[in-house]
Amino acid sequence: MKWITREKVKVDRVACPWLIKKFIDPQAEFVFLPASTDWSTVKNGTVYDVPNCELGHHRNDVSFNSFLRKYNLTDPALVLLGEIVRAADSNPPNAHPAGEGLRWIGQGFSALGFSDREILNSEFIVYDALYAECQRRIAV
């Protein structure tokens, strides 16, 4: 399946592809389009993390949280990871303290000048590590 979002990925648009590949669609294909795209005309895939879409930001939640809800992903470690992504990608009340570090990582990968695909390929290991740490902390 094609998953379509804005180009120039950072936190939420890296976390969502990681979540999709690991828990929703292992064969996922990601397409990155300019922010100026008329998203209502995109029909050949699932649009996410763009304005006015189901799998986007809603109230204080980010797209990662929307995916958790839609696909009924209730693993406590994923929920905790969602709080970290939310803290890194928005300014929620009572933000998780790990969010600031994740925001810095996302900005750093962007500063390296990598393409969106290179960022996904390089940064998925960061989300693997964060998820492992969330699992460890939940188990304690």
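Everything that follows concerns the structure shown earlier in this document.
A brief look at the structure comes next. Each chain carries its own residue numbering, running from 1 in the direction its sequence is written. Reporting in this predicted model follows two pLDDT cut-offs: at least 70 for local features of residues, and 80 or more for side-chain atom pairs to be given and counted; totals over whole chains, interfaces and linings ignore these cut-offs and use all residues. With hydrogens and water set aside, each side-chain value is computed from the structure's full complement of heavy atoms.

Secondary structure elements are taken from DSSP: a helix is a run of H or I of four residues or more, a strand is a run of E of two residues or more, and numbering for both begins at the N terminus. The secondary structure content of the chain amounts to 5 helices and 3 strands. Shown N-terminal to C-terminal, the secondary structure of the chain runs as helices and strands in the order β-α-β-β-α-α-α-α. We take the radius of gyration over the C-alpha atoms and set the globule estimate at 2.2 Å times the residue count to the 0.38 power. In terms of C-alpha radius of gyration, the chain reaches 14 Å, essentially the compact-globule figure of 14 Å for 140 residues. Across its three principal axes, the chain shows a C-alpha extent of roughly 45 × 35 × 30 Å. Each residue is assigned to one of three classes by its accessible area relative to the maximum for its type, calculated with a 1.4 Å probe on protein chains only: buried under 20%, partly exposed between the two thresholds, exposed over 50%. Out of the 140 residues belonging to the chain, those deemed buried represent 44%. For this analysis, residues touch if any pair of their heavy atoms sits within 4.5 Å. Considering only contacts within the chain whose residues lie at least 6 apart along the sequence, 62% involve residues at least 24 apart. Working definition of accessibility: Shrake-Rupley area with a 1.4 Å probe, residue cover restricted to the visible protein chains. Put simply, the chain shows about 7500 Å² of open surface, and 53% of that area lies on carbon and sulfur atoms.

As a further point, take the pattern of salt bridges. Counted as salt bridges are all cases of a side-chain nitrogen of Lys or Arg within 4 Å of a carboxyl oxygen of Asp or Glu. Summed over all chains, the structure comprises 10 salt bridges. As a salt-bridge pair, Asp 49 and Arg 13 come within 3.0 Å of each other at their nearest N and O atoms. Pair noted here: Asp 49 is in the loop between strand 3 (46-47) and helix 2 (63-70) and Arg 13 is in helix 1 (residues 12-24), with a separation of 36 residues, a long-range link. The residue Glu 133 makes a salt bridge to Arg 137 at a minimum N-O spacing of 2.6 Å. Remark: Arg 137 and Glu 133 occur in helix 5 (residues 116-139); sequence separation between them is 4 residues, near one turn of the helix. With a relative accessible area of 54%, Arg 137 lands in the exposed category. A network of salt bridges, in which partner residues are shared, links Arg 6, Arg 13 and Asp 49.

Turning our eyes to something else, we now look at helix 5. Here, expected helix span is obtained from the residue count minus one, scaled by 1.5 Å. Taking 1.5 Å as the rise per residue, helix 5 with 24 residues should run 34 Å; its terminal C-alpha atoms sit 34 Å apart, in good agreement. Here the bend at a residue means the angle between the axes of two seven-residue stretches, the one that ends at it and the one that starts at it. The sharpest bend along helix 5 reaches about 35° and sits at Glu 123. Taken together, the buried positions of helix 5 are occupied by Asp 116, Ile 119, Leu 120, Glu 123, Phe 124, Val 126, Tyr 127, Tyr 131 and Cys 134. Residues of helix 5 that are buried make contact with helix 1, strand 2 (29-33), helix 3 (76-89) and helix 4 (98-111).

So, about helix 4. Compared with the 20 Å implied by 1.5 Å per residue over 14 residues, the 20 Å span of helix 4 between its first and last C-alpha is a close match. Downstream of helix 4 by one or two residues, Gly 113 has phi in the positive range, about 80°.

This part takes up the environment of Gln 107. Note on placement: Gln 107 falls in helix 4. Each C-alpha atom, one on Gln 107 and one on His 57, is 20 Å from the other, the two residues being 50 residues apart in sequence.

This next bit is on the pairing of strand 1 (residues 2-6). With 5 bridges connecting them, strand 1 and strand 2 associate as parallel partners. The partner of Trp 3 across the bridge, within strand 2, is Phe 30. Viewed with both strands pointing away, a crossover whose connecting path from the first strand over the helix to the second turns clockwise is right-handed. With respect to chirality, the unit in which strand 1 leads through helix 1 into the neighbouring parallel strand 2 is right-handed. Each pair of strands is called paired provided DSSP finds at least two bridges between the two strands. As judged from the 2 bridges shared by strand 1 and strand 3, these two strands associate in the parallel manner.

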